[in-house]
Structures are given as structure tokens and as C-alpha cells.
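Inside the fold
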Amino acid sequence: MSARLDTAQPYAVGLFRIVVGLLFACHGAASLFGVLGGVSGTNGGTVATGTWPGWYAAVIQLVCGSLVLLGLGTRVAALLASGSMAYAYFKVHQPEALWPMENGGEASAMFCWAFLLLVFTGSGALGLDRLFTRRTADQREPAARKATVTA
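One structure accompanies this document, and this report is about it. Keep in mind that what you see is a predicted model, and the values were worked out from it rather than measured. (Residues numbered from 1 in each chain as written. Predicted model: local features only at pLDDT ≥ 70, side-chain atom pairs only at ≥ 80, totals over all residues. Heavy atoms only, no water.)

1. Overview of the overall build of the chain
For the chain, the count of helices and strands is six helices and zero strands. Mapped in sequence order, the helices and strands of the chain form the string α-α-α-α-α-α. A sequence separation of at least 24 residues applies to 64% of the contacts in the chain between residues at least 6 apart. Of the roughly 9,700 Å² of accessible surface on the chain, a fraction of 68% belongs to carbon and sulfur atoms. (Helix = DSSP H or I, 4+ residues; strand = E, 2+ residues; numbered from the N terminus. Contact = heavy atoms within 4.5 Å. Areas by Shrake-Rupley, 256 points an atom, 1.4 Å probe, with all protein chains shown as cover.)

2. Quick word on the side chain of Ser108
Checked against the element boundaries, Ser108 lands in helix H5 (residues 106–121). If we skip the residues at most four places from it in the chain, Ser108 touches Met85, Ala88, Tyr89 and His93.

3. What to know about unusual backbone geometry
Here the bond from Trp52 into Pro53 is cis, since omega is -10°, no more than 30 degrees from zero. With respect to the helices and strands, Pro53 occurs in the loop between helix H1 (2–33) and helix H2 (54–70). If you check the backbone angles, Leu126 has positive phi at about 70° while not being a glycine. When you line up the elements, Leu126 lands in the loop between H5 and helix H6 (128–147).

Okay, structure coming up:
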């Protein structure tokens, strides 16, 4: 059973990455463009352009969420997204109360840890990272064969 689950691991990580990236990108799109209900509590409103930290957080959410969703530059995008959610938790939520249930920081904490996991696992299956990695490896292989010297 364990061996069968291990073979499916890249696909499970890939699906996890797609769902987390989509949810994060939707968060950013809602804040920037007012879609999907807009910013929480504004009845379809947006974050004012250039305001700190909300507008910058929304840009990070949209860009990094989209990159993670596509599996393109997953590790770097996930690291930036994880850091932004750690900042959100400790600067916005944690001063209100210690526990996420008390301070409304559950989403920030969950996104932070989910993206940190993706930093270490990579994009898994179904990501564009794999296409570029495979193509680069295929291009290097013939060059390595040419460099071998036979006696």
C-alpha cells in the first residue's frame, strides 16, 4: 500500500499546489479587482492602490498564487508567498490575540505553512517547472556525450 501511495506522491503534491495557488490568486484578485466579492467587509470593494501593506500583499497574492498554480518558479514564488503570510500573521493578526482562532489569522497561518511545504517539495507533477527542467536536462545530455574522450 505504501509503495503505491509513494508513486502517486508527485501527483498529490501537484494537485495540492494547484489548489493552494488558485485560492491564493483568487484572494489577490478579489483585493485588487473587486471580483469574487471583493475585499472582506467592503461589499465588492478593492484595496486602494499603493496602500501599505494591503495593496502590496494583494499583488504578491495574485502574482505568486498564479505562478504556484502554474508550477512556474514554484519554490521562489512559494517562499515569497510564505514570507508575506508570516508577515501578515505576526504584524496584523497576532497583536490582536495569541491563537489564530482568536485573532482571525487562520488563513494566514495555513497559507504560510502550505507555501513553506511547497518550497521544500517543489511543484510535483503537472507543473511547468518540470517541462523546463526536462528540456534543460535533455539539452545538456548530448553535450556531455560529445565531451567524453574514448581511447
